[in-house]
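# Structural overview
Residues per chain, in single letters:
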There are 2 protein chains.
Amino acid sequence: MSSSLPPSTETPAAAPAPGPAFSPLYQQIKGLILQSLEAGEWRPGELIPSEMELAARFRVSQGTVRKAIDELAAENLVMRRQGKGTFVATHSAQQVQYRFLKLHPDTGDVQEEGRAQRRIIDCKRVRAPAEIARLLSLRSGDAVMQVRRVLAFVGTPTILEDIWLPGQAFKGLTAEQISAYQGPTYAMFEVEYGVRMVRAEEKIRAVLPDAEQAELLQVSTSTPLLSVERVAYTYNDVPMELRRGLYLTDTHHYRNALN
Amino acid sequence: MSSSLPPSTETPAAAPAPGPAFSPLYQQIKGLILQSLEAGEWRPGELIPSEMELAARFRVSQGTVRKAIDELAAENLVMRRQGKGTFVATHSAQQVQYRFLKLHPDTGDVQEEGRAQRRIIDCKRVRAPAEIARLLSLRSGDAVMQVRRVLAFVGTPTILEDIWLPGQAFKGLTAEQISAYQGPTYAMFEVEYGVRMVRAEEKIRAVLPDAEQAELLQVSTSTPLLSVERVAYTYNDVPMELRRGLYLTDTHHYRNALN
DNA sequence: TAGTGGTCTAGACCACATA
DNA sequence: ATGTGGTCTAGACCACTAC
């Protein structure tokens, strides 16, 4: 940030050196708000200060704060509600529950989705294999929590998931904790571990299950399945979860909107 | 639109009756610009009038036009370029070529993507079966153009596509025309048929190919493939293309960003 | 009634592109 | 030098929410 805040008499660093080093005022404000979100000054679901208050705090006009918040809202980091204020986004919010779940029933049926029946197969602390570590930006052998579970819709096993979480941040995670929690797992991560996932990337393939996977999903080893590898990130593009899912797509499909 | 343009003294309709019937001024302006885009007043790739000109035309402030254009830009309907102006988006633009193609090589290799070798298997005019007609909002038996082709990357057949297009809008489409055209097929649709696809929806499954499909992709019938059904829409949510693809995902994957 | 975000305007200056 | 979009400000009014 080289441009200074308005009433300040601060001088921009003499030689802006190599990088871009410039950014519009509203981007700088956005960065500051982001820092507060990251630091937990306002927690998921909480009201953040009004635009006027933030404008006063940062010594800029309301319009500048507004543009910063506009971008944060576009990235789903905060949620605006007219007449009430701006809230820190949360995976607990009804409107955005299961944001990252793109598997939908073929029948446009009502959200059976939240009603998934979960069966935890396994939940243990292990040393991260090289590939898992790489995807989570950890070192090989670092501790990670590993969870395996099956999600069933209307009694039919449909998703087999393996989840890896950094051991440090998710110390103490148990199968009981996961099964006990109602609602999205990502909401539990916010409440129990203070970790908020803000975006994710998925790589999708078609595969055949091995014998163990097939048995857990109660299908044959010649049933084609969707393989979905997801890396979920918290603030600052820090990866905090690796999830490998196998989706049965005979009664469901992965839905994607292209814009 | 019930709210009036500024200099007018018009009163909002007394009883707002049933519907919403209201929309902010900038939304109305957005709608007017959209109409011009739709009507072809400015064609894909062309410069649209400056914000000041549009403000004068519609008798609103530049800021209001700006907000309208902001939304159009966010929806990829126009593209802003500082210092130059605002352009009608086009699938020909280098930056957004193959926007709708989410299949990427596993090696983060340079865009081999455009370099796909295309082989047209078939291109004919047929009567739409019920399901195809439904997805294209046509009547069963209406004429549609049907294209089948194989895309190969570095010599390896990877995508088998069946494409259906409304016969009326795409009258005269030939295999030669498709193979002759360099660049995205969607760019050709703009140039040759004046049809611009603005968004699309995909449903993805894992499937096994039938004998014919397997042969065209040079794989066995037990090779799991990604089935991607895409409906592409032009302005006003009018469906203009149905595309069913089978993707070989041993060296490629479907990449998706979740926000 | 008071406070919030949402809309609209107007004017100033900046950064970029082109001639 | 000119014109474009990009940023920033300031002030006014509207619509929604809560008390």
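Residues numbered from 1 in each chain as written. Chains lettered and ligands numbered in written order. Predicted model: local features only at pLDDT ≥ 70, side-chain atom pairs only at ≥ 80, totals over all residues. Heavy atoms only, no water.

Among the 21 residues in the neighbourhood of DNA strand D, the closest are listed as A:Leu25, A:Tyr26, A:Thr64, A:Lys84 and B:Arg80. In DNA strand D, atoms within 4 Å of the protein come from the sugar-phosphate backbone in 86% of cases. Contacts to DNA strand D include A:Lys67, whose side-chain N or O atom sits 2.9 Å from a phosphate oxygen. Residue A:Lys84 places a side-chain N or O atom 2.9 Å away from a phosphate oxygen belonging to DNA strand D. Broken down by secondary-structure element, the contributors of at least two residues to the surface near DNA strand D are helix 1 (25–39) and helix 3 (62–74) of chain A together with strand 1 (78–81) and strand 2 (85–88) of chain B. A class-by-class count of the residues in the surface near DNA strand D yields five nonpolar, nine polar and seven charged. (Near = heavy atom within 4 Å. Polar contact = N/O pair within 3.5 Å; in protein donor to acceptor, adjacent residues only side chain to side chain. Helix = DSSP H or I, 4+ residues; strand = E, 2+ residues; numbered from the N terminus. Nonpolar A, V, L, I, M, F, W, Y, C, P; charged D, E, K, R; others polar.)

Moving on, we come to the packing of aromatic side chains. Residues and elements named next belong to chain A. For the structure shown, the criterion picks out eight aromatic pairs over all chains. Ring geometry for Phe100 against Tyr186: centres 5.5 Å apart, planes inclined by 75°, an arrangement best described as edge-to-face. On the criterion of sequence distance, the pair formed by Phe100 in the loop between strand 2 (85–88) and strand 3 (103–105) and Tyr186 in helix 6 (residues 185–193) is long-range, its members being 86 residues apart. By relative accessible area, Phe100 is classed as buried at 2%. Judged by its relative accessible area of 6%, Tyr186 falls in the buried class. Between Phe170 and Tyr193, the ring centres sit 5.2 Å apart and the planes meet at 45°, which makes this aromatic pair tilted. Highlighted residues: Phe170 in the loop between strand 6 (156–166) and helix 5 (175–180) and Tyr193 in helix 6, separated in sequence by 23 residues. Summarising the burial analysis for this pair, Phe170 and Tyr193 share the class buried. (Phe/Tyr/Trp six-rings, centres within 6.5 Å; stacked < 30°, edge-to-face > 60°. Buried < 20%, exposed > 50% of the residue type's maximum accessible area, 1.4 Å probe, protein only.)

Turning our eyes to something else, we now look at the domain arrangement of chain A. A common measure of how large an interface is: the accessible area buried when the components associate. Residue and element names in this part refer to chain A. With domains assigned, chain A is organised as domain 1 (12–88) and domain 2 (103–254). Between domain 1 and domain 2, the C-alpha centre-to-centre distance is 32 Å. On the side of domain 2, six residues touch domain 1, which itself brings seven residues to the contact. For the pair domain 1 and domain 2, the two sides together bury roughly 560 Å², of which 57% comes from carbon and sulfur. Seen at the junction of domain 1 and domain 2, the total is zero salt bridges. Remark: the boundary between domain 1 and domain 2 carries one residue pair in polar contact (both at pLDDT 80 or more). Across the side of domain 1 that touches domain 2, the residue classes tally to four nonpolar, one polar and two charged. (Domains from an automatic or database assignment. Contact = heavy atoms within 4.5 Å. Buried area = accessible area lost by both parts, 1.4 Å probe. Salt bridge = Lys/Arg side-chain N within 4 Å of Asp/Glu carboxyl O.)

All names here are of chain A. One can describe the packing of helix 1 onto helix 2 (residues 51–58) by two numbers: an axis separation of 12 Å at closest approach and a directional angle of 105°. With respect to helix 2, the axis of helix 1 lies roughly perpendicular. For the pair helix 1 and helix 2, contact is made by Ile29, Leu32, Ile33 and Ser36 and by Leu54, Arg57 and Phe58, respectively. Here the contact of helix 1 with helix 2 is composed, by residue class, of five nonpolar, one polar and one charged. (Axes fitted to C-alpha atoms, helices over the stretch in contact; angles between N-to-C directions. Parallel < 35°, antiparallel > 145°, perpendicular 65-115°, else oblique.)

With that out of the way, let us pick up the pairing of strand 6 (residues 156–166) of chain B. All names here are of chain B. Counting buried residues in strand 6 gives ten out of eleven residues, a clear majority hidden from the surface. Bridging between strand 5 (residues 143–153) and strand 6 involves ten bridges; their strand directions are antiparallel. Among the inter-strand pairings, Gln146 is bridged to a residue of strand 6, identified as Trp164. Between the antiparallel neighbours strand 5 and strand 6 lie two residues, among them Val154 with a positive phi of about 50°. (Pairing = 2+ DSSP bridges.)

The next point concerns the side chain of B:Arg196. Residues and elements named next belong to chain B. Along the chain, the position of Arg196 falls in the loop between helix 6 (185–193) and strand 7 (199–207). Relative accessible area serves as the criterion here: at 4%, Arg196 is assigned to the buried category. Of note is the side chain of Arg196, whose polar atom sits 3.1 Å from the backbone oxygen of Asn76. Those residues within four positions of Arg196 in sequence are excluded, and the remaining contacts are Pro44, Asn76, Leu77, Ala89, Thr90, His91, Arg99, Glu190, Tyr233, Thr234 and Tyr235.

The next thing to look at is the environment of B:Thr223. By secondary structure assignment, the location of B:Thr223 is in the loop between helix 7 (211–217) and strand 8 (225–234). In the structure, B:Thr223 is positioned 37 residues away from B:Tyr186 in sequence and 29 Å away in space, judged by C-alpha atoms.

This next bit is on the confidence of the model for chain A. Parts of the prediction with low pLDDT should not have their coordinates interpreted in detail. Per-residue confidence for chain A gives a mean pLDDT of 89; residues scoring 70 or more make up 90%. Across residues 1–21 of chain A, where pLDDT falls below 50, the model places 18 contacts with residues more than four positions away in sequence or in other chains. (pLDDT = per-residue confidence, 0-100.)

The next thing to look at is helix 6 of chain B. An α-helical turn contains 3.6 residues, so any two residues separated by three or four positions project in the same direction. Residues and elements named next belong to chain B. The buried fraction of helix 6 is high, at seven of nine residues. Where helix 6 is concerned, the buried positions are Thr185, Tyr186, Ala187, Met188, Phe189, Glu190 and Tyr193. In this structure, the buried residues of helix 6 make contact with strand 4 (117–127), strand 5, strand 6, helix 5 (175–180), strand 8 and strand 9 (238–247). Following helix 6 by one or two positions, Gly194 adopts a phi angle in the positive range, close to 60°.

A few words now on the sheet that holds strand 4 of chain B. The strand order across the open sheet built from eight strands is 3(A)-10(A)-7(B)-8(B)-9(B)-6(B)-5(B)-4(B), with neighbouring strands paired in antiparallel fashion. Single-partner strands in this sheet number two, and they are strand 3 of chain A together with strand 4 of chain B. Looking at each pair of strands side by side, their axes are set apart by 25° on average, direction ignored. Here nine bridges tie strand 8 of chain B to strand 9 of chain B, and the two strands are oriented antiparallel to one another. Residue B:Ser227 lies in a different strand from strand 9 of chain B, and its bridge partner there is B:Leu246. Sitting on the sheet, helix 6 of chain B touches strand 4, strand 5, strand 6, strand 8 and strand 9 of chain B, and the angle it makes with strand 9 of chain B is about 155°.

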